[in-house]
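Overview (structure and organization)
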Amino acid sequence: MGKLLDQIVKENDIKNIAPENYGELAREIRGKLVRAVSRRGGHLASNLGAVELTMALHLTLNFPEDKLVWDVGHQSYVHKILTGRGEAMDTLRCMGGLSGFPKVKENPCDTFDTGHSSTSISVALGLAKARDLRHTDEKVVAVIGDGALSGGMAFEALNNAAALKSNLVIVLNDNKMSIAAGVGGMAKYLGKIRANQKYRTLKATVENALDKIPNLGRPLTKHVRRAKDSLKRLFIPGMLFEDMGLIYMGPVDGHNISAMTTAFKTAFSVKDQPVIVHVLTKKGKGYKPAEKNPSAFHGVGQFDVRSGAVAPEPEPTYTKLFGQWMLEKGGEREELVSVCAAMPDGTGVQDFAEKYPERFFDVGIAEEHAVTFAAGLAAGGMRPVVSVYSTFLQRAYDQMLHDVCIGNYPVIFALDRSGIVGRDGETHQGIFDISYLSSMPNMTILSPMDGAELLAALDFALDDSEGPVAVRYPRGEAFLYDRDDREPWERGRAEILQKGSRVAILAVGNMVKKALAAAKLLEAQNIFPTVVNMRFVKPWDKELVRSLAESHGMFVTMEDHVRSGGFSEKVQAFLQAEGFGKTVCLPICLPDAFIGHGAPEELYEKYGMDAASVAGKIIGGLKK
């Protein structure tokens, strides 16, 4: 550690650092961030931009008594360092190490577990209400980004916060970006506020001049202050926040610690109303490669610190294959349109956006709107493809069910990051999508086994006119199964990859690769299982399973998903209903639990889902 960071061994230690050393401490923190993320990957640009902001909050709050809620939470690395976890940064996002997000069980200074966007104001409002009901006096702060402020839940919370008759401070960390560049009305509104210096300069000049007039100055100043709303409306269009009943302060330089501590102390002094402190920061500040390309360093893998060169991803990835498919089909089908929620790079549609800008729609961090907007596009004769991470599509369950499935609109959902995602942990694992999607009437669910099947599944979805289709695929390098005799895709039909006896392995999507590897291990023990690539999770091939049940005494279901509501439960219930109750069912799936962070292969091994563990379980089952 640097000599100043050596003094930060627990929460509140920053208050022992002399103010003249704050700049050096900020440099040391940035150095630690860059080194740690270069080795472990993670969210770099957002943390670099929030260094001084976090320092100013720690200088004005007392932990863990005061409550600080980070929206999304990926920008909480500096907070972790300032609460005594700096030495553990080398374990960031490793199994058993520091989480990349706030975790209450990790440290009491982490007020609330976060991981998805636009939630912080609601949480902070609840904490403030609880404080008032308990008659305590802790400070409550929510930190939310300008991108997250575009989410509908944030507006709902702001509307509700206006009724709070006590202190709540909302820090708007405005770096002019969400993950991609900000879009929509809120981004334009904040741009107007950032650009407006006239109002603040005029207000200060007039009040100072009036104060100097003998006898009349102070009364006149009071009248001017009462008229502040009129002044603000003259110079700042809308005054959205104050119109909603919140006090607005700012913009404040988000890299000036003195200015921010003054603003925060002033905001805490307001006892009967919530306050928004608008702070301007630069994403990636202090590390030139991240400053030049903040999107690339938002969520980044390993990289070289000196050059900023990011380690190349293995080729091809499922995301890139999807992006190439979108580009190709975009040229063939004029009705094809792309909808994403602030992640054109992450979901692979950036090239489509550049080539077909009139058919590309980035709606910002607003998954619920994205889905219903897509329903409207489909109702209007277009073929929308909603590209989204599995974990984030959970937020739009109601919109999928009511606005897409009831009308049976042919919306394609491209579910990236399905299954185990890995190092982002509990909030990002895509292990619930089979459960929530299969509960929806009219929804078709495809889970291709490799890269070639992903393209075939997308073709099927585009040609299918029977209603909405979800295509789920994992993160990272695409598995490519070496074979020439691929069967064509037919609705609800699985395919047998290798025929055997006694044991039937029914594998879904990403788990087919592990099923084939497990089968090879079993062959060495003279056990020759039948391996089935299910392809469809809904509707699934009940006819094939029924025929296999006549000749196989053990069924092994493999899915990258929790057991509850998953494919394994469906097969077991089917066999029971069909009179095959004596058939042994061995589910290879995740427990009904939230899965923590770690490398994917480490997690598969931990939960007995790697090939060796699966083979061992089958051998044990046959012995019984």
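In case you missed it, the structure is sitting above this.
Described in the following lines is the structure provided in the data block. (Residues numbered from 1 in each chain as written. Predicted model: local features only at pLDDT ≥ 70, side-chain atom pairs only at ≥ 80, totals over all residues. Heavy atoms only, no water.)

This part takes up the overall build of the protein chain. Scanning the protein chain from N- to C-terminus turns up 25 helices and 17 strands. Taken over 624 residues, the protein chain has a buried fraction of 56%. Put simply, of all contacts in the protein chain between residues at least 6 apart along the chain, 76% involve residues at least 24 apart. Looking at the protein chain as shown, the accessible area adds up to about 25,600 Å², and 52% of this sits on carbon and sulfur atoms. (Helix = DSSP H or I, 4+ residues; strand = E, 2+ residues; numbered from the N terminus. Buried < 20%, exposed > 50% of the residue type's maximum accessible area, 1.4 Å probe, protein only. Contact = heavy atoms within 4.5 Å. Areas by Shrake-Rupley, 256 points an atom, 1.4 Å probe, with all protein chains shown as cover.)

Our focus in this paragraph is unusual backbone geometry. In this structure, proline 64 follows phenylalanine 63 across a cis peptide bond, with omega equal to 0°. Along the chain, proline 64 turns up in the loop between α3 (51-60) and β1 (67-70). Omega for the peptide link from glycine 250 to proline 251 comes to 0°, which places this bond in the cis form. Residue position: proline 251 is located in strand β4 (residues 247-253). Its identity is not glycine, yet asparagine 408 carries a phi of approximately 55°, on the positive side. Tracing the sequence through the fold places asparagine 408 in the loop between α18 (397-405) and β9 (412-416). The class of asparagine 408 is partly exposed, set by a relative accessible area of 28%. Unlike most non-glycine residues, asparagine 442 shows phi in positive territory, near 80°. Examined against the element boundaries, asparagine 442 turns out to sit in the loop between α19 (433-438) and β10 (444-446). Given the relative accessible area of 40%, asparagine 442 is considered partly exposed.

Once that is clear, we can look at the environment of threonine 266. By the secondary structure assignment, threonine 266 is in helix α12 (residues 257-269). At 2.8 Å, the side chain of threonine 266 and the backbone oxygen of threonine 262 are in polar contact. (Polar contact = N/O pair within 3.5 Å; in protein donor to acceptor, adjacent residues only side chain to side chain.)

What follows concerns the packing of aromatic side chains. Evaluation of the coordinates by the stated rule reveals 14 aromatic pairs. When the centroid spacing of 5.4 Å and the interplanar angle of 85° are considered together, the rings of phenylalanine 297 and phenylalanine 303 count as edge-to-face. On the accessibility criterion, phenylalanine 303 (7% relative accessible area) is buried. Seen from their ring centres, phenylalanine 479 and tyrosine 481 are 6.2 Å apart, and the 35° between their planes marks the pair as tilted. We note arginine 359 situated over the ring of tyrosine 356; from NZ or CZ to the ring centre the distance is 4.4 Å. The cationic tip of lysine 514 hangs over the ring face of tyrosine 604; the distance from NZ or CZ to the ring centre is 4.1 Å. (Phe/Tyr/Trp six-rings, centres within 6.5 Å; stacked < 30°, edge-to-face > 60°. Lys NZ or Arg CZ within 6 Å of the ring centre and 35° of its normal.)

Counting residues in each nonpolar core, the largest one holds 60 residues, and the members touching the most others are Phe322, Val471, Val556, Met558 and Ile618. At 7 residues, helix α21 (residues 511-523) tops the list of elements feeding residues into this core. The residues touching valine 556, leaving out its near neighbours within four places in the chain, are Val503, Ala504, Ile505, Leu506, Leu586, Ile588 and Ile618. (Core = buried A, V, L, I, M, F, W, Y, C linked by side-chain atoms within 4.5 Å.)

Attention shifts here to the side chain of serine 438. Within the secondary structure, serine 438 sits in helix α19. A polar contact of 3.4 Å, which involves the side chain of serine 438, links it to the backbone oxygen of serine 435. Those residues within four positions of serine 438 in sequence are excluded, and the remaining contacts are Asp433, Ile445, Lys538, Gly565 and Lys570.

When two helices pack together, their arrangement is given by the angle between their axes and by how far apart the axes lie. It is at 8 Å that the axes of helix α5 (residues 120-134) and helix α6 (residues 152-161) come closest, and there the two elements cross at 30°. Relative to α6, the element α5 lies roughly parallel. Side by side, α5 and α6 meet where Ile121, Ser122 and Leu125 of the first sit next to Met153, Ala154, Ala157, Leu158, Asn160 and Ala161 of the second. Among the residues making up the contact of α5 with α6, the classes are represented as 7 nonpolar, 2 polar and no charged. (Axes fitted to C-alpha atoms, helices over the stretch in contact; angles between N-to-C directions. Parallel < 35°, antiparallel > 145°, perpendicular 65-115°, else oblique. Nonpolar A, V, L, I, M, F, W, Y, C, P; charged D, E, K, R; others polar.)

Looking now at the pattern of salt bridges. Applying the stated criterion across every chain yields a total of 34 salt bridges. For arginine 493, the salt bridge goes to aspartate 541, with nearest N and O atoms at 3.5 Å. In this pair, arginine 493 sits in the loop between β11 (469-472) and β12 (495-498) while aspartate 541 sits in the loop between β15 (536-538) and α22 (542-549), placing the two residues 48 residues apart along the sequence. Take arginine 493: its relative accessible area is 34%, and that puts it in the partly exposed class. With a relative accessible area of 5%, aspartate 541 lands in the buried category. One connected set of salt bridges, linked through shared partners, spans Glu453, Arg483, Asp485, Glu495 and Arg535. (Salt bridge = Lys/Arg side-chain N within 4 Å of Asp/Glu carboxyl O.)

Here we come to the pairing of strand β6 (residues 336-340). Along β6, 5 of the 5 residues are buried, which leaves the element largely enclosed by surrounding structure. When β6 meets strand β8 (residues 383-389), the two strands line up parallel, connected through 5 bridges. Residue valine 339 lies in a different strand from β8, and its bridge partner there is valine 386. In this structure, β6 lies alongside strand β7 (residues 360-362), joined through 3 bridges in parallel fashion. (Pairing = 2+ DSSP bridges.)

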